[in-house]
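If you want the building blocks of each chain, they are given just below.
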Amino acid sequence: MDEKEELQLSEEQIADADALREEMRRVEAEKRGAFYKGLSIGGLTVLVLCLVIFLVIPMASISKAKNNMAQMSQTTDSTEVLSASVQSKIERLVTAIRTYYYEDVDTEDLVDGLYKGLFEGIGDRYSAYYTPQEYESMMISATASLSGIGAVLQQDPATMQVTVNHVYEGSPAQKADIRNGDIIVQVDDITATSMELTELVTHIRGEKGTKVHLKLYRKGHAGYLELDVTRDIVDVPTLSGQMLDGGIGYIMIAEFGDKTATEFADVVKDLESQGMKSMIVDLRDNPGGMINSVTDILDQILPEGVTVWTEDKNGNRKEYKSDAACMDYPMVVLINENSASSSEIFAGAIRDFKYGTLIGTTTFGKGIVQSIRQMADGSAFKLTTAKYYTPNGENIQGEGIDPDIELEYEYLDPDAETYDMMQDNQILKAIEVLQGQK
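Residues numbered from 1 in each chain as written. Predicted model: local features only at pLDDT ≥ 70, side-chain atom pairs only at ≥ 80, totals over all residues. Heavy atoms only, no water.

K.L.:
With reference to specific residues and values, describe helix H10 (residues 260-273).
P.N.:
Taking 1.5 Å per residue as the helical rise, H10 with its 14 residues ought to reach 20 Å, and the 20 Å between its terminal C-alpha atoms agrees with that figure. Of all the residues in H10, the buried ones are Thr260, Ala261, Glu263, Phe264, Val267, Val268 and Leu271. The arc enclosing the buried residues of H10, seen along the axis, measures out at 155°, which places them on a common side. Within H10, the exposed residues directed more than 90 degrees away from the buried face are Thr262, Lys269 and Ser273. Contact partners of the buried residues in H10: strand E10 (239-244), strand E11 (248-253), strand E12 (278-282) and helix H11 (291-301). Positioned one or two residues after H10, Gly275 has a phi angle of 95°, which is positive. (Helix = DSSP H or I, 4+ residues; strand = E, 2+ residues; numbered from the N terminus. Expected span 1.5 Å × (residues − 1). Buried < 20%, exposed > 50% of the residue type's maximum accessible area, 1.4 Å probe, protein only. Arc of directions from axis to C-beta. Contact = heavy atoms within 4.5 Å.)

Written as structure tokens, this is what we have:
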């Protein structure tokens, strides 16, 4: 049970804590004496943080903390963050935790908490610190084959609600009857809204043959669904394609991963062999992915020109370009409010090159780019480093991209138990537009 309670300390307890802290300072000061003598002014900011850490953690952890902060404290601005008053306050807080918290606290957790808090202080939900284990899990999620349940998830940035956007054919999720639109409420004993999606999926994944317990909410279903899903190796395709009547090729891109551009080229080649004359690219509920992936696909589609460009706070600009080789198909791109990031780069380039018609609803509005850097100890951080701009120079952060034809999604057969593309009003509108361009 949660309850608010003011911590009351006796004068004797306070005196004991202060005495403990002073004794720790004295002992550790002797250990640091030789270190201080040879220290240059350029390394002062690293020393300041080490001073705090030396008082409360073993030498192995000190080495890790020093190495991490040495790479992050290269400007004099860091001395403002690590001022004397901040050092003093951290010392007092650590002493209070060590002395009065009702359980023992792991030193590594405290150190990682300092690093994570630094990035939380930015106020940018896309910037974060990752422990070595978290970084390894995140890199695994970027590969095509992994052990999990085989579903694409989306998290609402405001409510943190996690929704199933796509279930892969033959996956453990499909076998367990998880469906598109299901809301994940709990993963084992973890509340889904309690953490970022990148961290939550590390608990969904696991060794082949093990089980993960999911609590789901499904619209129209009384109460919650509780399922045990057996994890398996899932070869996750990031897109799929098929030929529709009238020579219309349909390609659904679930996300932009490291293999998506190759998969796109292969699917286009297959559809061309079947007589493709026009194309629908479905980016609905596509959360984005790698910028190199989407620009490689745009290079296949568009004629020569800049497809997107980024700019950092110092005005440094990087351009991504398409060469002269291109496709010559009438095209419709389907978008919605969950089409984000790289999906918006795709939609913006198609719009600005006047290479197709956008149908659906306004996109998510993520016009910023993150960079991930790994540190010497295996940890890493992700930082928003630039804004991106469509070919015509528009930054869509917080705004999104409006469709050429606005059309809210409606499934025309609400009683159907399985999805039929020909009951999807947005796909039917795309077919109508392409047939009108013949």
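K.L.:
So what's going on with the pairing of strand E8 (residues 225-230)? Residues and values would help.
P.N.:
Residues Leu225, Leu227 and Val229 of E8 are buried on one face, while the alternating residues Glu226, Asp228 and Thr230, pointing to the opposite face, are not. Summarising the sheet, strand E7 (residues 211-217) and E8 pair through 6 bridges and their orientation is antiparallel. Bridge pairing in E8 links Leu216 to Leu225. (Pairing = 2+ DSSP bridges.)

K.L.:
Hey, could you go over the nonpolar core for me, with residue numbers and the actual values?
P.N.:
If you look at the biggest cluster of nonpolar residues, it comprises 37 residues, and the most contacted ones within it are Phe264, Met279, Ile301 and Phe346. Sorting the residues of this core by element identifies E11, H10, E12, H11, strand E15 (331-335) and helix H12 (342-352) as the ones contributing at least two each. Residues contacting Phe264, with those up to four places away along its chain left out, are Leu239, Ile251, Ile253, Met279, Ile297, Gln300, Ile301 and Met327. Counting 23 residues, the second-largest nonpolar core is a separate cluster that includes Val167, Ile184, Val212 and Leu225. (Core = buried A, V, L, I, M, F, W, Y, C linked by side-chain atoms within 4.5 Å.)

K.L.:
Outline the confidence of the model for the chain, listing residues and values.
P.N.:
Low-pLDDT portions of the prediction should not be read for the details of their coordinates. Summarising the model, the chain shows a mean pLDDT of 83, and 80% of its residues fall at 70 or more. In the model, residues 27-66 has pLDDT below 50 throughout and makes 49 contacts with residues more than four positions away in sequence or in other chains. Segment residues 69-76: pLDDT under 50, and 12 contacts once partners within four positions in sequence are set aside and those in other chains are kept. (pLDDT = per-residue confidence, 0-100.)

K.L.:
Explain the pairing of strand E3 (residues 151-155) residue by residue, including any values.
P.N.:
Where burial is concerned, most of E3 is hidden: 4 out of the 5 residues are buried. Of the strand pairs in this sheet, E3 and strand E4 (residues 162-167) are connected by 5 bridges, and their pairing is antiparallel. Opposite Ala151, over in E4, you have Val167 as the bridge partner.

K.L.:
Any chance you could break down the sheet that holds E10 for me, citing the residues and the numbers?
P.N.:
A sheet is described by the order of its strands in space; here 6 strands give the open sequence E10-E11-E12-E15-E16-E19, paired in mixed fashion. With one partner strand each, in any of the chains shown, E10 and strand E19 (405-406) form the two edges of the open sheet. Relative to strand E16 (residues 357-360), E15 is paired through 4 bridges, and the arrangement is parallel. Each bridged residue has a counterpart across the sheet, and for Val333 the counterpart in E16 is Leu358. Together, E10, E11 and E12 form the strand contacts of H10, whose direction differs from that of E11 by roughly 165°. (Axes fitted to C-alpha atoms, helices over the stretch in contact; angles between N-to-C directions.)

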